[in-house]
Amino acid sequence: MTAMTQAELKAAAAQQAAQLVQPGMVLGVGTGSTVAYLIAALARRRAAGLNLAAVVTTSNRSKTQLAAVGFKVSPLAEVAQVDLTIDGSDRVAPNLDGIKGGGGALTLEKNVAVNSKRVVWIVDESKVVPRLGGFPLPVEVLPISCEQNFRRFGQEGLQPQYRLTPAGQRYVTHYGNYIIDLAIDPIPAPHGLAAYLDQLPGVVEHGLFLDICDEVIIAHRDGQIESRQK
């Protein structure tokens, strides 16, 4: 079998994930290039009669894409709980812990995920790693204390870098905050690092998604679609 391109891998994983969506669900839809294929697959299911109780999403980009194919997107605050959230992930470890936030939407992504009954990630095989790492860890920080956080991260050996726009300006999140990316590879103790970041004043959220994902759908280059569950 001919090896699939990365775009084909993403589309295949997204198509399988779309079949998990049941009529009447409150569905959470993530963000990113793989999720764009999911939205296209959901549009085809909607045209075939799929009705959902509500749809929430984790970014304005996905909201625009969903609205363009006929879905009404509700704020997370307007739903009691999400039945199923489907999202991508920047890296996934064997225990289904992950790094997310490459697109800058980590705060809303985590809020939607932790308020979901079930979380499924869709990835191509390049995102699967033996140990969590291989991707800068994003930390969203308040502008008022960003310099203090940056210096503290440097003192801890976490190799911080401000995320910048193509124009060289500091990237600003949906909530008006900055992102500091930490170059730790691999992350030796993800839960310990998460606990440290969680208690640090000025940190809004971080991209360690631990004990959150229930299933990962992985598209392999040989065309195989693998499902890993907890």
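This text follows the structure it describes.
What counts as what
Residues numbered from 1 in each chain as written. Predicted model: local features only at pLDDT ≥ 70, side-chain atom pairs only at ≥ 80, totals over all residues. Heavy atoms only, no water. Core = buried A, V, L, I, M, F, W, Y, C linked by side-chain atoms within 4.5 Å. Buried < 20%, exposed > 50% of the residue type's maximum accessible area, 1.4 Å probe, protein only. Helix = DSSP H or I, 4+ residues; strand = E, 2+ residues; numbered from the N terminus. Contact = heavy atoms within 4.5 Å. Polar contact = N/O pair within 3.5 Å; in protein donor to acceptor, adjacent residues only side chain to side chain. Phe/Tyr/Trp six-rings, centres within 6.5 Å; stacked < 30°, edge-to-face > 60°. Lys NZ or Arg CZ within 6 Å of the ring centre and 35° of its normal. Patch = residues over 30% accessible without salt bridge, like charges linked within 9 Å, V, L, I, M, F, W, Y side chains within 5 Å. Areas by Shrake-Rupley, 256 points an atom, 1.4 Å probe, with all protein chains shown as cover. Salt bridge = Lys/Arg side-chain N within 4 Å of Asp/Glu carboxyl O.

### Points about the nonpolar core
And step 1. Within the largest apolar cluster, 27 residues are counted, with the highest numbers of intra-cluster contacts made by Val21, Val29 and Leu38.
And step 2. Listing elements by their share of this core, those giving two or more residues are helix 1 (6–18), strand 1 (26–29), helix 2 (33–47), strand 3 (82–87), strand 6 (116–124) and strand 12 (215–219).
And step 3. If sequence neighbours within four positions are ignored, Val29 has contacts with Val35, Leu38, Ile39, Leu42, Val55, Val56, Thr57, Thr58, Leu66 and Ile86.
And step 4. Judged by nonpolar contacts, the second largest core, of 21 residues, contains Phe153, Tyr162, Ala194 and Leu197.

### Description of the side chain of Lys110
And step 1. Tracing the chain through its elements places Lys110 in helix 4 (residues 106–114).
And step 2. By relative accessible area, Lys110 is classed as buried at 10%.
And step 3. A distance of 3.0 Å separates the side chain of Lys110 from the side chain of Glu205, its partner in a polar contact.
And step 4. Every residue in contact with Lys110, bar those within four places of it in the chain, is listed here: Glu205, His206, Leu208, Phe209 and Ile212.

### Focus on the environment of Gln81
And step 1. Tracing the backbone shows Gln81 in the loop between helix 3 (60–68) and strand 3.
And step 2. Residues Gln81 and Lys110 lie 29 residues apart in sequence; the distance between their C-alpha atoms is 14 Å.
And step 3. For Gln81, the contacting residues outside a window of four places in its chain are Val26, Asn115, Ser116 and Lys117.

### Thoughts on the packing of aromatic side chains
And step 1. This structure, assessed with the given rule, holds 3 aromatic pairs.
And step 2. Aromatic pair Phe150 and Tyr162: ring centres 4.8 Å apart, planes at 5°, arrangement stacked. One end of the pair, Phe150, is in helix 5 (residues 146–155); the other, Tyr162, is in strand 8 (residues 160–162), with 12 residues separating them in the sequence.
And step 3. A centroid spacing of 6.4 Å and a plane angle of 90° characterise the contact between Tyr162 and Tyr178, whose relative ring orientation is edge-to-face. Of this pair, Tyr162 sits in strand 8 while Tyr178 sits in strand 9 (residues 178–182), and the two are 16 residues apart along the sequence.
And step 4. Among the aromatic residues, ring-to-ring pairing joins Phe150, Tyr162 and Tyr178 into one connected group.
And step 5. One residue, Lys100, lies across the ring of Phe209, its end atom 5.5 Å from the ring centre.
And step 6. Positioned above the aromatic ring of Tyr162, the side-chain terminus of Arg170 is 3.7 Å from the ring centre.

### Focus on a nonpolar patch on the surface
And step 1. On the surface, Leu142, Ile144 and Val204 cluster together to form a nonpolar patch covering roughly 270 Å² of accessible area.
And step 2. Within the element layout of this structure, Leu142 appears in the loop between strand 7 (137–141) and helix 5.

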